[in-house]
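Summary of structural features
Here are the chains, one letter per residue:
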Amino acid sequence: MSSLILPAVLSGLTMGAIYALVALGLTLIYGVLHIINFAHGSLLMLALYAVYFLHFYLGIDPYIAIPIVLPVFFVLGYALQRGLIAPMSSGSETNVLLVTLALSLAIDNLALYFWTSNTRTIDIPYAYDTVEFLGAYLPLGRVIAFFAALAVAPVLWLFMEHTRLGASIKAVAIEKRGAEIVGIDVNHAYAVCFGIGTACVALAACLLLPTFYVTPQVGYTFVLVAFTTVVLGGMGSLPGALVAGLLLGVIESLCGLFLGESLGQIGIFLAFILILLFKPSGLLGRGVKA
Amino acid sequence: MKPTSMGQAVLIAAAVLYLVSVFFLSSPIWMGFSLNALIIAVVALSWNVTGGFGGLFSFGHAVMYGTGAYASAVLQVNYGVNAWIGLVAGIVAGAVMGAFIGAITFRFGLKGSYFALVTLAFAEVMRICASSFAFTGGGAGLQVKLDPGISTLQFQDRTVSYTLLLLVVAAVMILTAVMKNSRFGAYLIAIRENEDAARALGIDTYRIKVIAMAISGAFGGLAGVLYLQTMLYIDSTVVYGNAISVEALIGPLIGGAGTVWGPLVGTLGLHLLGEGAKHLLSNAPGLNFVLYAVVLICALRFLPQGLMGFAARIGPFRKKEEDDDNA
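The rules behind these values
Residues numbered from 1 in each chain as written. Chains lettered and ligands numbered in written order. Predicted model: local features only at pLDDT ≥ 70, side-chain atom pairs only at ≥ 80, totals over all residues. Heavy atoms only, no water. Pairing = 2+ DSSP bridges. Helix = DSSP H or I, 4+ residues; strand = E, 2+ residues; numbered from the N terminus. Phe/Tyr/Trp six-rings, centres within 6.5 Å; stacked < 30°, edge-to-face > 60°. Buried < 20%, exposed > 50% of the residue type's maximum accessible area, 1.4 Å probe, protein only. Contact = heavy atoms within 4.5 Å. Expected span 1.5 Å × (residues − 1). Disulfide = S-S within 2.5 Å. UniProt positions renumbered as here; feature names shortened; annotations may be inferred. Buried area = accessible area lost by both parts, 1.4 Å probe. Salt bridge = Lys/Arg side-chain N within 4 Å of Asp/Glu carboxyl O. Polar contact = N/O pair within 3.5 Å; in protein donor to acceptor, adjacent residues only side chain to side chain. Nonpolar A, V, L, I, M, F, W, Y, C, P; charged D, E, K, R; others polar.

**Focus on the pairing of strand E2 (residues 136-139) of chain A**
Residues and elements named next belong to chain A. Bridge count between strand E1 (residues 130-133) and E2: 4 bridges; the pairing is antiparallel. By the bridge assignment for E2, Thr-130 is matched with Pro-139. Hairpin connection, E1 to E2: the antiparallel pair is bridged by 2 residues, and Leu-134 has positive phi, about 50 degrees.

**A closer look at the packing of aromatic side chains**
Residues and elements named next belong to chain A. Within this structure, the stated rule accounts for 25 aromatic pairs over all chains. With 6.0 Å between their ring centres and 20 degrees between their planes, Tyr-49 and Phe-53 make a pair best called stacked. Within this pair, Tyr-49 and its partner Phe-53 are both found in helix H2 (residues 40-58), separated by 4 residues, close to a single helical turn. Phe-53 carries the same exposure label as Tyr-49, and that label is buried. Joined through ring pairs, the aromatic side chains of Tyr-49, Tyr-52, Phe-53, Phe-56, Tyr-57 and Trp-115 make up one cluster.

**A few points about the environment of Phe212(A)**
All names here are of chain A. Within the secondary structure, Phe-212 sits in the loop between helix H8 (186-208) and helix H9 (218-233). Residue Phe-212 is classed as buried on the basis of its relative accessible area, which comes to 17%. The spacing of Phe-212 and Leu-26 is 186 residues in sequence and 21 Å in space, taken between C-alpha atoms. Ignoring any residue separated from it by four or fewer positions in sequence, one finds Phe-212 in contact with Met-15, Thr-121, Tyr-128, Arg-142, Val-218 and Phe-222.

**A closer look at H9(A)**
Over its 16 residues, H9(A) extends 23 Å from the first C-alpha to the last, a length consistent with the 22 Å expected when each residue adds 1.5 Å. Gly234(A) sits one or two positions beyond H9(A) and adopts a positive phi of about 100 degrees.

**Re the state of the cysteines**
All names here are of chain A. Considering all chains together, one arrives at 0 disulfides over all chains under this definition. Here Cys-193 is not disulfide-linked; the sulfur of Cys-200 is the nearest cysteine sulfur, at 9.6 Å. Of the residues examined, Cys-193 reaches a relative accessible area of 0% and is grouped as buried.

**Looking at the UniProt feature "transmembrane region" (unreviewed entry) in chain B**
Residue and element names in this part refer to chain B. As recorded in UniProt, the sites labelled "transmembrane region" (unreviewed entry) are residues 6-25, 37-63, 83-106, 113-140, 160-179, 210-229, 249-273 and 285-303. Secondary structure content for residues 83-106 is 100% helix and 0% strand, and the end C-alpha separation is 34 Å. Helix makes up 84% of residues 285-303 and strand 0%. Its end C-alpha atoms lie 27 Å apart.

**Focus on the UniProt feature "transmembrane region" (unreviewed entry) in chain A**
Residue and element names in this part refer to chain A. Per the UniProt record, the feature "transmembrane region" (unreviewed entry) sits at residues 6-31, 38-58, 64-84, 96-116, 136-160, 189-212 and 266-285. Counted over residues 64-84, helix gives 90% and strand 0%. Its end C-alpha atoms are 31 Å apart. Split by type, residues 189-212 is 83% helix and 0% strand. Its first and last C-alpha atoms lie 33 Å apart.

**Remarks on the interface of chain A and chain B**
Between chain A and chain B, the residue contacts involve 38 residues of the former and 37 residues of the latter. Between chain A and chain B the total buried area reaches about 3600 Å² when both faces are included, carbon and sulfur atoms providing 83% of it. If you look at where chain A meets chain B, you find 0 salt bridges. Taken together, the connections running from chain A to chain B amount to 2 residue pairs in polar contact (both at pLDDT 80 or more). Among the elements of the structure, helix H3 (66-89), helix H4 (93-115), H9 and helix H11 (264-278) of chain A are those that each provide at least two residues to the side of chain A that touches chain B. In terms of residue count, the dominant contributor to the side of chain A that touches chain B is H4(A) (15 residues). Of the residues that constitute the side of chain A that touches chain B, the class distribution is 31 nonpolar, 6 polar and 1 charged.

**Overview of the pattern of salt bridges**
Scanning the entire structure with this criterion turns up 7 salt bridges over all chains. In this structure, Lys170(A) engages Glu161(A) in a salt bridge whose closest nitrogen and oxygen atoms are separated by 3.0 Å. For Glu193(B), the salt bridge is made with Arg192(B), and the minimal N-O distance between the two is 3.0 Å. Its relative accessible area of 56% is what places Glu193(B) among the exposed residues. A residue is classified by how much of its surface remains accessible, and Arg192(B), at 32% relative accessible area, is partly exposed. One connected set of salt bridges, linked through shared partners, spans Glu195(B), Asp196(B), Arg199(B) and Lys209(B).

**Considering the environment of Ser58(B)**
Residues and elements named next belong to chain B. For Ser-58, the location among the structural elements is in the loop between helix H2 (28-53) and helix H3 (62-79). Separated by 57 residues in the primary sequence, Ser-58 and Phe-115 have C-alpha atoms spaced 6.7 Å apart. Discounting residues that sit within four places of it in the chain, Ser-58 has contacts with Trp-47, Phe-115, Thr-119 and Leu-249.

**Things to note about the side chain of Gln81(A)**
Along the chain, the position of Gln81(A) falls in helix H3. In contact with Gln81(A), other than residues within four places in its own chain, are Leu33(A), Ala86(A), Pro87(A), Tyr190(A), Ala191(A) and Phe194(A).

Next up, the structure:
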């Protein structure tokens, strides 16, 4: 049994990197807009289909698709926040939650309507080439995703800390009215943030699809994991989301190993409930807004 | 429970007219559709207790529904317990589940989106458990043996099932009205409007919220049992699934959260809309939920008080008195 633990941990880490990547976008949106974007998982599903169809119809490799899908989803996220979520929610936190819930419902069911519930996978010959590390054989696709997540978190962090736009987004997050008074375009900052969050999801989709599958329900399976990651890491904390994502990947992998495959995800949800109850500020959070 | 305006009277009359007309349509399709809509209306009424009156938005109300359905099904299938005892057990199990979730989440001060997400997580945990254990039938689910009769709560004549369901919905609505007009209801509404102020006035907000969760859980568990007795088969993705959680909140929000008639009016309206789209456009799965989503977004923007709240402004009765009240 103990010989299985290390490979399980390593495989959990590579899955956790995907969770981290999805959660980075979500935590960015939460940190600034103070809203929970329920449609985050559905946008991931949409991106997975985009990558799938690019490969299916045009033969574009998922990794080559990154420069195509990323900007498209940035614009999509920007437009959704500016054109739908902000005007329809009239500024109330509950309404934003409900509007994004409705959005996810619409996206998921449109996908079901147009693309049916069939599970689709793509066949990239090298995706399941394995990399041997400490006696564990890891799929190449997962290893690439792992290092990409490690690279993206600092890039986002640098953007937030060291660019003008990042500073204005942070200003909006801290004091909306004050930011407005000093001349920051608040609606633009909100929408940019939403756009970046959605672009993160698109990147995750490009890295995920070679070793994963897509169905209209896949967003729902990811959305709670993404929330858990965000809460565990500390709402709005980028390094927190990275650490938490990796941790949850390992928790899921170990639960699957010890309790059986079907119970693997239960560890994540139980972790979620326990964190919300006992430490809602998360691992690296700075306390919770009352 | 009485309408306060012409508009509300029209909405209520339309709902009642529809429900009565089902008796005369003698169409098995409408009968099946209406049975389903009424069961969902009970879930909506369950959500309405916490979400509508208490402002506690749950995203995982399937946890109550599924617990009620599984409690009754496990007792009937595995232990041969009588269906009536199963009914009581389902209601109690729903109430206990509601009170348990309320007790631990409110103890730690969760509210708003945190509460919404944690209820969803509970529903997911229960779904995975129900699909993994042998005594809940695992992934295959549980099937109650077909044996029509009053003692087994199964009825061959669907008109009888429908009549009984109507009575149950009426009973739940009367209980909701009684609750609304009681001291407890006033406390609950006070908590929704301003929890800190309510606490400052000496209301034990924790206790009131947990009781509200228990009542909501009892209604939700009841709805689960109704589903079980109608379909005689449950599995975890159906009764603990996201669709139930969504339907639980969408009907009240469209119809008017925190009103007695709103959940029924909203649920019936949405189901008729979904059924209409099915006949007009196509029978593909998912289309009704796309429509629900569009209606929900529009309602949040244009009808923040739901249909009943909007209708209250059309031809109000006793306008003068209310003006005096507001003054």
